[in-house]
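Examining the three-dimensional arrangement
Residue strings, one per chain:
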Amino acid sequence: MLQEIRSEIALTLQQAGVQIEVHHHEVATAGQNEIDMRFATLTRMADNVMIYKYICKNVARRHGKVATFMPKPLFADNANGMHCHQSLWKDELNPHHGAHLLRCFDSTTYRNARARDRSAHARRSARGPLR
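Note that the structure is a prediction, hence the values are computed from the model and not measured.

Thresholds, definitions, all that
- Residues numbered from 1 in each chain as written.
- Predicted model: local features only at pLDDT ≥ 70, side-chain atom pairs only at ≥ 80, totals over all residues.
- Heavy atoms only, no water.
- Helix = DSSP H or I, 4+ residues; strand = E, 2+ residues; numbered from the N terminus.
- Buried < 20%, exposed > 50% of the residue type's maximum accessible area, 1.4 Å probe, protein only.
- Contact = heavy atoms within 4.5 Å.
- Areas by Shrake-Rupley, 256 points an atom, 1.4 Å probe, with all protein chains shown as cover.
- Pairing = 2+ DSSP bridges.
- Expected span 1.5 Å × (residues − 1).
- Core = buried A, V, L, I, M, F, W, Y, C linked by side-chain atoms within 4.5 Å.
- Axes fitted to C-alpha atoms, helices over the stretch in contact; angles between N-to-C directions.
- Parallel < 35°, antiparallel > 145°, perpendicular 65-115°, else oblique.
- Left-handed = near helix turned anticlockwise from the far one by under 90°.
- Nonpolar A, V, L, I, M, F, W, Y, C, P; charged D, E, K, R; others polar.
- Salt bridge = Lys/Arg side-chain N within 4 Å of Asp/Glu carboxyl O.

**Remarks on the overall build of the protein chain**
For the protein chain, the count of helices and strands is three helices and two strands. The secondary structure elements of the protein chain, listed N-terminal to C-terminal, are α-β-β-α-α. Going through the 131 residues of the protein chain one by one, you find that 19% of them count as buried. Sequence-distant contacts, at least 24 apart, represent 42% of the contacts inside the protein chain between residues at least 6 apart. When the accessible area of the protein chain is evaluated, it comes to approximately 10400 Å², of which 58% is carbon and sulfur surface.

**Focus on the pairing of strand S2 (residues 33–37)**
Burial analysis of S2 places four of its five residues in the buried class, which makes it a mostly covered element. Where strand S1 (residues 20–25) lies against S2, five bridges are found, and the strand directions are antiparallel. Bridge pairing links His25 to Asn33 in S2.

**Looking at helix H1 (residues 2–15)**
Under the 1.5 Å per step criterion, the end-to-end length of H1 is 20 Å for 14 residues, consistent within 8% with the ideal 20 Å. Elements that come into contact with the buried residues of H1 comprise S1, S2 and helix H2 (42–62). Remark: Gly17 follows H1 within two positions and exhibits a positive phi of approximately 95°.

**Re the environment of Ala79**
For Ala79, the position within the fold is in the loop between H2 and helix H3 (99–127). In this structure the C-alpha to C-alpha distance between Ala79 and Ala28, which are 51 residues apart in sequence, comes to 5.8 Å. With residues up to four places along the chain from it excluded, the contact list for Ala79 reads Ala28, Gln32, Pro71, Lys72 and Pro73.

**A look at the nonpolar core**
Of all hydrophobic cores here, the largest spans 12 residues; its members are Ile5, Ile9, Ala10, Leu13, Val18, Ile20, Ile35, Met37, Tyr52, Ile55, Cys56 and Val59. For this core, the elements supplying multiple residues, two or more each, are H1, S2 and H2.

**Here's the deal with the environment of Asp36**
The topology assignment puts Asp36 in strand S2. For the pair Asp36 and Glu21, spaced 15 residues apart in the sequence, the C-alpha separation amounts to 5.6 Å. Dropping the residues within four chain positions of it, Asp36 is found in contact with Gln19, Ile20, Glu21 and Val22.

**Brief notes about the packing of H1 against H2**
One can describe the packing of H1 onto H2 by two numbers: an axis separation of 9 Å at closest approach and a directional angle of 140°. Taken together, H1 and H2 sit at an angle that is classed as oblique. Helix-helix and strand crossings are classified by hand; for H1 and H2 the assignment is right-handed. Taken together, the residues of H2 that come into contact with H1 (itself represented by Ile5, Glu8, Ile9, Thr12 and Leu13) are Ile51, Tyr52, Ile55, Cys56, Val59 and Arg62. Per-class residue counts for the contact of H1 with H2 are eight nonpolar, one polar and two charged.

**Brief notes about the pattern of salt bridges**
All told, the structure shown has two salt bridges when counted by the stated rule. Between Glu8 and Arg62 there is a salt bridge; the shortest N-O distance is 2.7 Å. With Glu8 in helix H1 and Arg62 in helix H2, this pair connects stretches of sequence that are 54 residues apart. Salt-bridge contacts for Arg38 lead to Glu21; the nearest nitrogen and oxygen are separated by 3.0 Å. Here Arg38, found in the loop between S2 and H2, pairs with Glu21, found in strand S1; they are 17 residues apart in sequence, far enough to count as distant.

Here it is, written out as structure tokens:
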């Protein structure tokens, strides 16, 4: 049933001019699905996201379902939320392929991980020693 609804959503999105690359179920329960849109310019993609949400909600309603974009609808279950895959290009080249950008991503990831570690340490310290 959900595959048919998801397929209808994908076809309706394509009819509305949104290019769809793939759609599939997620590993989480509660009917979580993923529909991947083809990349576009920033403003076009912003429009596509709004069209995407509108069509998802309306097709779901037509089938007596409710589409939500909550990041984690069920406690203790996997969740996917409405996440974003990034694709960066400059002059027909993928800058991910170069060592410079890899160093930038590694540095950012490292800084973010360090900030998370400090935050987690602060929370543990505020609770007192573990027993």
